[in-house]
Amino acid sequence: MTPAPNTAQPVPVLDLDRVTRRYGSLTAVDEVSLRLPAGARHAVIGPNGAGKTTLLNLVAGTDRPDHGTIALDGTDVTRASTAKRSRLGIARSFQQPSVIAELTVLDNIVLAGWVHHPKRRGAWRSRSRYRLHTESALHHLETVGLADLAHRPASTLSHGQRRMLDLAAALAGDPRLLLLDEPAAGLTDGDIGRLLAILGALPTSVAVVLVEHHVEVVAQVATSVTVLAAGRVLVTGPTGEALAHPEVREAYRNTAPGLVTGSAEARG
């Protein structure tokens, strides 16, 4: 007898099922469902106040849903702490770069990655263990173009350099799921080019969820897009189709016309 074919679907790296978050009478995220495969490159876009950052907060664990479930690689993390989600493979960057100004650039990355290192205990007291951490940290700094500034205080970095440091800190834990909240905000064209190169070089084992207003970044990074409006999913689909959808254009008409008109250019 010929065995039946295996029709089981791969477990998604991220599975949101009817996730809802309310603040009093305001529903910031309303019954959002999303399934992303391993290695996904997915953008979440929408007008201001659509619930994009709140959705990232729910996935990262800095906020908790009132309803619905969140799973990472098939493990329910809906009530898990931010620290546990980080250990399981969720990392994020923030709208405002989160760096410790008093530490060197290198030690910011060492601190970000040490909880994930198998020999993390006593890292600050053991020279040999600290060396293992610094080698890994320097690799991440090279990735974002900051290796030459490793021993400078983080307080001396420019805005663009702080954004790259924040991204390196997120990568320091070798995440399965990387959440990026407007990583291109305030960057120069050159910095955006570097950002696109970094994201383009990420291994396919890392899934990316990107919240971004720059349509050029969305079009070049994301293969699929979810559009939020008033906390609800308006459209989810391939990037070009989602950006060209009539309801998306209507949602942006009075809030972000540059995105709507720019989408056609980005697709061309």
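In this text, all values refer to a predicted model and were calculated from it rather than measured experimentally.

**Student:** Describe the overall build of the chain, listing the residues and the values that go with them.
**Tutor:** When helices and strands are counted, the chain shows 10 helices and 10 strands. Relative to its 268 residues, the chain shows a buried fraction of 48%. Long-range contacts, defined as pairs at least 24 residues apart, comprise 64% of the intrachain contacts of the chain with a sequence gap of at least 6.

**Student:** Which residues make up empty space enclosed by the protein, and what values go with them?
**Tutor:** Scanning the entire structure with this criterion turns up 2 cavities of 30 Å³ or more. Taken as a whole, the largest cavity encloses approximately 60 Å³ of empty space. Lining the largest cavity are Ser93, Phe94, Arg163, Met164, Asp166, Leu167, Pro183, Leu187 and Leu195. Counting residues per element, the lining of the largest cavity draws most heavily on helix 5 (residues 159–171), at 4 residues. Its residues assigned to classes, the lining of the largest cavity comprises 6 nonpolar, 1 polar and 2 charged. Approximately 40 Å³ is the volume attributed to the second largest cavity. Contributing elements (two or more residues each) for the lining of the second largest cavity: strand 1 (14–23) and helix 1 (52–60). If one sorts the elements of the lining of the second largest cavity by residue count, helix 1 sits on top with 3 residues. Counted by class, the lining of the second largest cavity contains 8 nonpolar, no polar and no charged residues.

**Student:** Mind laying out the packing of aromatic side chains, listing which residues take part and the relevant values?
**Tutor:** Overall, the coordinates contain 0 aromatic pairs when judged by the stated rule. Above the ring of Tyr23, the side-chain terminus of Arg21 is found at 4.4 Å from the ring centroid.

**Student:** Can you explain the pairing of strand 9 (residues 224–229)? Please cite residues and give values.
**Tutor:** Burial of strand 9 is extensive: 5 of the 6 residues sit out of reach of the surface. Across 4 bridges, strand 3 (residues 41–45) lies against strand 9 in parallel orientation. Residue pairing for strand 9: Ile45 is matched across the bridge by Val227. Relative to strand 10 (residues 232–238), strand 9 is paired through 6 bridges, and the arrangement is antiparallel. Residue pairing for strand 10: Val227 is matched across the bridge by Val235. With antiparallel pairing between neighbouring strands as the criterion, strand 9 and strand 10 make up a hairpin whose turn holds 2 residues, including Ala230 at a positive phi of roughly 55 degrees.

**Student:** Requested: an account of the confidence of the model for the chain, with residues and values cited.
**Tutor:** Residues shown with low pLDDT carry predicted positions that ought not to be read at fine detail. Residue-level pLDDT values for the chain average 86, and 85% of them are 70 or greater. The model gives residues 260–268 a pLDDT under 50, and that stretch makes 13 contacts with residues more than four places away or in other chains.

**Student:** Talk me through the sheet that holds strand 2 (residues 26–36); I want residue IDs and the actual numbers.
**Tutor:** With antiparallel pairing, 4 strands are arranged side by side in an open sheet as 2-1-4-5. Only two strands of the sheet have a single neighbouring strand rather than two, namely strand 2 and strand 5 (75–76). In this structure, strand 1 lies alongside strand 2, joined through 7 bridges in antiparallel fashion. In the strand pairing of strand 2, Leu16 is matched with Leu34. On top of the sheet, helix 1 reaches strand 1, strand 2 and strand 4 (67–72); it is set at about 120 degrees to strand 1, its chief contact.

**Student:** Let's hear about the environment of Val215: which residues, and what values?
**Tutor:** Examined against the element boundaries, Val215 turns out to sit in helix 7 (residues 215–221). For Val215, a relative accessible area of 3% corresponds to the buried category. A C-alpha to C-alpha distance of 9.3 Å links Val215 and Ile45, two positions 170 residues apart in sequence.

Conventions used here
- Here the residue index of a chain counts from 1 through its sequence in written order.
- In keeping with the model being predicted, local features are shown solely for residues with a pLDDT of at least 70 and side-chain atom pairs are shown and tallied solely at 80 or more, while totals for entire chains, interfaces and linings include all residues.
- In computing side-chain values, all of the structure's heavy atoms are included and hydrogens and water are not.
- A run of DSSP states H or I qualifies as a helix once it reaches four residues; a run of E qualifies as a strand once it reaches two. Both are numbered from the N-terminal end.
- We call a residue buried when its accessible area falls under 20% of the maximum for its residue type, exposed when it is over 50%, and partly exposed in between, using a 1.4 Å probe and counting protein chains only.
- For this analysis, residues touch if any pair of their heavy atoms sits within 4.5 Å.
- Within this scheme a cavity is a closed region of a 1 Å grid, computed over the protein atoms alone, that accommodates a 1.4 Å probe without allowing it to escape, whereas a pocket is open but has protein on both sides within 12 Å along at least five of seven lines; lining residues each have an atom within 4 Å of a point.
- Grid points are joined across faces, edges and corners, and a volume is the space filled by probe spheres set on the points.
- Amino acids are sorted into nonpolar (Ala, Val, Leu, Ile, Met, Phe, Trp, Tyr, Cys and Pro), charged (Asp, Glu, Lys and Arg) and polar (every other residue, Gly among them).
- Any Phe, Tyr or Trp ring, taking Trp's six-membered ring, that has another such ring centre within 6.5 Å forms a pair; planes under 30 degrees apart are called stacked, those over 60 apart edge-to-face, and the others tilted.
- By definition, being over a ring means that NZ of Lys or CZ of Arg is both within 6 Å of the ring centre and within 35 degrees of the ring normal.
- A strand pair is defined by DSSP finding two or more bridges across the two strands.
- For every residue, the predictor reports its confidence as pLDDT, a number between 0 and 100.
- The axes are straight lines fitted to the C-alpha atoms, using for helices just the contacting stretch, and the angles between their N-to-C directions are given from 0 to 180°.

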